[in-house]
Amino acid sequence: MTDTRRPTVISVLCHKGGVAKTTTAVALADSLAADNPTAKVLILDCDEQANVKTLFGIKSTDADGGIASILIENAPPSKVKLTVRPQIDVILSGGRMMRDFEKTFSNDADSELILSKMMKPFDEDYDYVIIDSPPALSLISANIAMYADYCVIPCTTDLLSVVGVKNTMFFLENLRNHFRAKNLSPCKVLGVVPTMYDQRRNLDMTILDDLQRMADADLMSGGIVFDPIRVDSKIKTAQVKRKLITEAFPKTKAREDYRKLASDIQALVTKIAATSARPIAQMSYAPSPAREMSL
Ligand SMILES: Nc1ncnc2c1ncn2[C@@H]1O[C@H](COP(=O)(O)OP(=O)(O)OP(=O)(O)O)[C@@H](O)[C@H]1O
Ligand SMILES: [Mg+2]
């Protein structure tokens, strides 16, 4: 990559817990790598639960401080990244150290921009950076939103998850208002990803209709409703085996659904970048093509 090119940074964000944020982040990285055999993908785990570490079966290492040591101790990202597959690197979350980040920086001006600043010299090594986020709308979530170009919002098919989607949109809108004077914006919402969807359940179809109505009424910050990811026990089996879904079950329905999601996301990102005033290669830092659009 050239010096000035940024990767496409996609965060998987949602206020609600247990909606498949981590599963989606890892499956998306997996599918993007499989679809683009020369691409390099970085998974950034920003959730203190450190579930990415568990899913890859990573033993304790010097890189454990991960993103927390980058944010708090100025550790160079190249020192804490781990290569987990030929095309995929990860930066772990640092677990409970993430709480120190919130405590130390929550009152500082522009503390929402620390992650962007720290990642910038490093992320040019990648074509995609995929960020897993905590089930909270905290300082780290604000940092994720300001660093990422785009976000997808997973949502299980129940009422409380839909509320989580709305809260997440509201959070992004507040950030947008807060940083407007500085000509910076949070990530653009690509859309909502219905997860663990079971088409035999009436409720699932009702919630899907509700989400579509929200999108049609332009209540999703311009985002769409992606095709749902079906409930599939093979997801849990692959996770227990510490394998990616493409490795463990290359033909299962969740693998098909995540492949389609990755392909839809790539098409949408290409479309958005094409309508941007400046080509990606001329960008060195925010505003990215997504941030320039009137959201
Ligand atoms: N399509 C699917 N079919 C069946 N199970 C799934 C599917 N997607 C995710 N799961 C399971 O749902 C559970 C929650 O998923 P996950 O940990 O990814 O959610 P999360 O949003 O990251 O949770 P948290 O908010 O705690 O970080 C996990 O046990 C995972 O294996
Ligand atoms: Mg998670």
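What counts and how
Residues numbered from 1 in each chain as written. Chains lettered and ligands numbered in written order. Predicted model: local features only at pLDDT ≥ 70, side-chain atom pairs only at ≥ 80, totals over all residues. Helix = DSSP H or I, 4+ residues; strand = E, 2+ residues; numbered from the N terminus. Rg over C-alpha atoms; globule rule 2.2 N^0.38 Å. Buried ≥ 20, exposed ≤ 12 C-beta atoms within 10 Å, placed from the backbone. Contact = placed C-beta atoms within 7 Å. Near = placed C-beta within 6 Å. Nonpolar A, V, L, I, M, F, W, Y, C, P; charged D, E, K, R; others polar. pLDDT = per-residue confidence, 0-100. Pairing = 2+ DSSP bridges. Axes fitted to C-alpha atoms, helices over the stretch in contact; angles between N-to-C directions. Core = buried A, V, L, I, M, F, W, Y, C linked by C-beta atoms within 7 Å.

### What to know about the overall build of the protein
For the protein, the helix and strand inventory stands at 13 helices and eight strands. For the protein, the C-alpha radius of gyration of 18 Å lies close to 19 Å, the compact-globule estimate for 295 residues. When burial is assessed residue by residue, the protein has 48% of its 295 residues classed as buried. Here the contacts in the protein between residues at least 6 apart in sequence split such that 77% fall between residues at least 24 apart.

### A closer look at the site of ligand 1
Within the structure, ligand 1 sits among 20 residues, and G17, K21, T22, T23 and P135 are positioned closest to it. Elements that contribute at least two residues to the shell around ligand 1 include exactly α1 (21-35) and α10 (233-240). Within the shell around ligand 1, the residues separate by chemical class into eight nonpolar, eight polar and four charged.

### Quick word on the confidence of the model for the protein
Per-residue pLDDT for the protein has a mean of 90; in total, 92% of the residues score no lower than 70. This stretch, residues 278-295, has a pLDDT under 50; its non-local contacts, to residues over four places away or in other chains, come to 42 contacts.

### Quick look at the sheet that holds strand β2 (residues 41-45)
As summarised here, the arrangement of the eight strands in space is β3-β4-β2-β5-β1-β6-β7-β8, forming an open sheet in which the pairing is mixed. Two strands bound the open sheet, and with one partner strand each, they are β3 (81-85) and β8 (224-225). Direction of pairing for strand β7 (residues 188-195) relative to β8: parallel, over a ladder of two bridges. Looking at β8, one finds that V192 is bridged to V225. Set on the sheet, helix α8 (residues 159-179) makes contact with β6 (150-156) and β7; between it and β6 the angle comes to about 160 degrees.

### Details of the nonpolar core
Among the nonpolar cores identified, the biggest contains 82 residues, and I43, I130 and C151 are the most heavily contacted of them. Contacts of C151, omitting those with residues within four sequence positions, involve I10, S11, L13, A145, C187, V189 and L190.

### Comments concerning the pairing of strand β4 (residues 88-91)
Two faces belong to every sheet, and in a regular strand the side chains alternate between them. Of the two faces of β4, the one carrying I88 and V90 and the one carrying D89 and I91 are both buried. As judged from the four bridges shared by β2 and β4, these two strands associate in the parallel manner. By the bridge assignment, I43 is partnered in β4 with V90. Here β3 pairs with β4 via four bridges, running antiparallel. Its bridge partner lying in β4, K81 is registered against I91. Taking the residues between adjacent antiparallel strands as the criterion, β3 and β4 are bridged by two residues.

### What about unusual backbone geometry?
Phi angles above zero are rare outside glycine, and S221 is one such case at about 50 degrees. Tracing the sequence through the fold places S221 in the loop between α9 (202-216) and β8. Since 21 C-beta atoms lie within 10 Å of it, S221 is described here as buried. One non-glycine residue, R242, adopts positive backbone phi at about 60 degrees. Note that R242 resides in the loop between α10 and α11 (245-248).

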